Amino acid sequence: RQLEQSLERLKVFHQKLGVLNEELRADKRRLDANLGEMRELNAQLVDKSAQISTMMEEVAGRFDSTVILLSNIIELNQSEIKGHSERVAVISLFVAERMGLSEIQRQNIKVAARLHELGIVSLPLKERLHMSLEARGEARERMHSNHPLVGEMLLKGFPDFEQVAEIIRHLHENVDGSGTPDGLYGDRIPIGSRIVSAASYFDHAISINPARNPNEVLKAMESKGNAIFDEQVIAVIKDYLGSKEQSGEEK
């Protein structure tokens, strides 16, 4: 009887084991189906990621093409200071890197530097000639012109140029708040505007009078410290000048 009872219990156990085994096979089938769906979804994600990457490359290419086109327009209309925008871009990028700005900030500052005089070439010819004459003085002072606003207005019409337009808008702000168009002061002025403004002034002063010592220009800019230019930016431009002189000595 004990043996029969044991066999009966064993039979029940095997029945339960069979049920569990069937449930396990069913779970495995569902898991296989889910894995198949996941593999399909993963393939779709990889495909969409590739499409997005291609689209981003196309957008970046169009952005760069637009910058090059606008830079060429500026260059063609400012033969008297040929290469000014590119030199300002080099100086501005050096300053931005030394100040530890983010990659996107550096990119926007570089583009803003290359396009910072777009508003000038869009002004009426009479006003452009007047500005050119004023620029031939000992150093190019900040002129009463709305060309930063014109540049901002033009760039806002292009996708992805919003931050660049913002930098250009505030090129004539002074750190003491006496500038235009919004009377911003100190750190309220976008760092990109402070960098491009100082770099542009420096290069203009050298381009207009190539015989002038660049260190003298920097001293003159330092004398305007806490009034017009950001002292930290001027200090980094001084480092840039030092690195150029050192490179020249090595050559």
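Residues numbered from 1 in each chain as written. Predicted model: local features only at pLDDT ≥ 70, side-chain atom pairs only at ≥ 80, totals over all residues. Heavy atoms only, no water.

Engineer: Now, about helix H9 (residues 214–223): what can you tell me, with residues and values included?
Structural biologist: Each α-helix winds once per 3.6 residues, and so residues spaced three or four apart point in a common direction. For H9, the set of buried residues is Val 217, Leu 218 and Met 221. Here the buried residues of H9 occupy an arc of 95 degrees about the axis, which is enough to place them on one side. Turned more than 90 degrees from where H9 packs its buried face, Lys 219 and Ser 223 sit exposed. Here H9 starts with a cap whose side-chain oxygen sits 2.8 Å from the backbone nitrogen of Asn 215, and that cap is Asn 213. (Buried < 20%, exposed > 50% of the residue type's maximum accessible area, 1.4 Å probe, protein only. Helix = DSSP H or I, 4+ residues; strand = E, 2+ residues; numbered from the N terminus. Arc of directions from axis to C-beta. Polar contact = N/O pair within 3.5 Å; in protein donor to acceptor, adjacent residues only side chain to side chain.)

Engineer: Before we move on, could you go through the packing of helix H3 (residues 103–115) against helix H8 (residues 191–208) and cite the residues and values that matter?
Structural biologist: Where H3 contacts H8, the axes come no closer than 10 Å and their chain directions differ by 40 degrees. Considering their axes alone, H3 and H8 lie oblique with respect to each other. H8 is crossed by H3, and the crossing has right-handed handedness. Along the contact surface, H3 presents Gln 105, Ile 109 and Ala 113, while H8 presents Ile 191, Gly 192, Ile 195 and Val 196. Of the residues belonging to the contact of H3 with H8, the class tally is five nonpolar, two polar and no charged. (Axes fitted to C-alpha atoms, helices over the stretch in contact; angles between N-to-C directions. Parallel < 35°, antiparallel > 145°, perpendicular 65-115°, else oblique. Left-handed = near helix turned anticlockwise from the far one by under 90°. Contact = heavy atoms within 4.5 Å. Nonpolar A, V, L, I, M, F, W, Y, C, P; charged D, E, K, R; others polar.)

Engineer: Go over the confidence of the model for the protein, please, and point to the residues and values.
Structural biologist: Low pLDDT marks stretches whose predicted atomic positions should not be read closely. The pLDDT averaged across the protein works out to 86; a share of 90% of its residues lies at or above 70. Confidence over residues 136–141 falls short of pLDDT 50; this stretch has 15 contacts with residues more than four positions distant or in other chains. (pLDDT = per-residue confidence, 0-100.)

Engineer: Explain the layout of surface pockets residue by residue, including any values.
Structural biologist: Over the atoms rolls a probe the size of a water molecule, and its path tells where empty space is left. Approximately 200 Å³ is the volume found for the second largest pocket. Of all the secondary structure elements, the ones that give two or more residues to the lining of the second largest pocket are helix H1 (2–76), H3 and helix H7 (162–169). Among the elements that line the lining of the second largest pocket, the one with the most residues is H1, at four residues. Class assignment of the residues belonging to the lining of the second largest pocket gives a composition of four nonpolar, three polar and three charged. (1 Å grid on protein atoms, 1.4 Å probe; cavity = no way out; pocket = protein on both sides within 12 Å on 5 of 7 lines; lining within 4 Å. Points joined across faces, edges and corners; volume = space filled by probe spheres on them.)

Engineer: Before we move on, can you summarise the pattern of salt bridges with the specific residues and values?
Structural biologist: Any two side chains of opposite charge can pair if their charged atoms end up close together. Going through the model one piece at a time under the given rule, you end up with 14 salt bridges. Notably, a salt bridge pairs Arg 25 with Glu 22, separated by 2.6 Å at the nearest N-O pair. Residue Arg 25 and its partner Glu 22 are located together in helix H1, separated by three residues, close to a single helical turn. The residue Asp 182 makes a salt bridge to Arg 169 at a minimum N-O spacing of 3.0 Å. Of this pair, Asp 182 sits in the loop between H7 and H8 while Arg 169 sits in helix H7; the two residues are 13 residues apart in sequence, bridging distant segments of the chain. Using a relative accessible area of 38% as the deciding quantity, one classes Asp 182 as partly exposed. When salt bridges that share partners are traced, they join Glu 152, Lys 156, Arg 169 and Asp 182 into one network. (Salt bridge = Lys/Arg side-chain N within 4 Å of Asp/Glu carboxyl O.)

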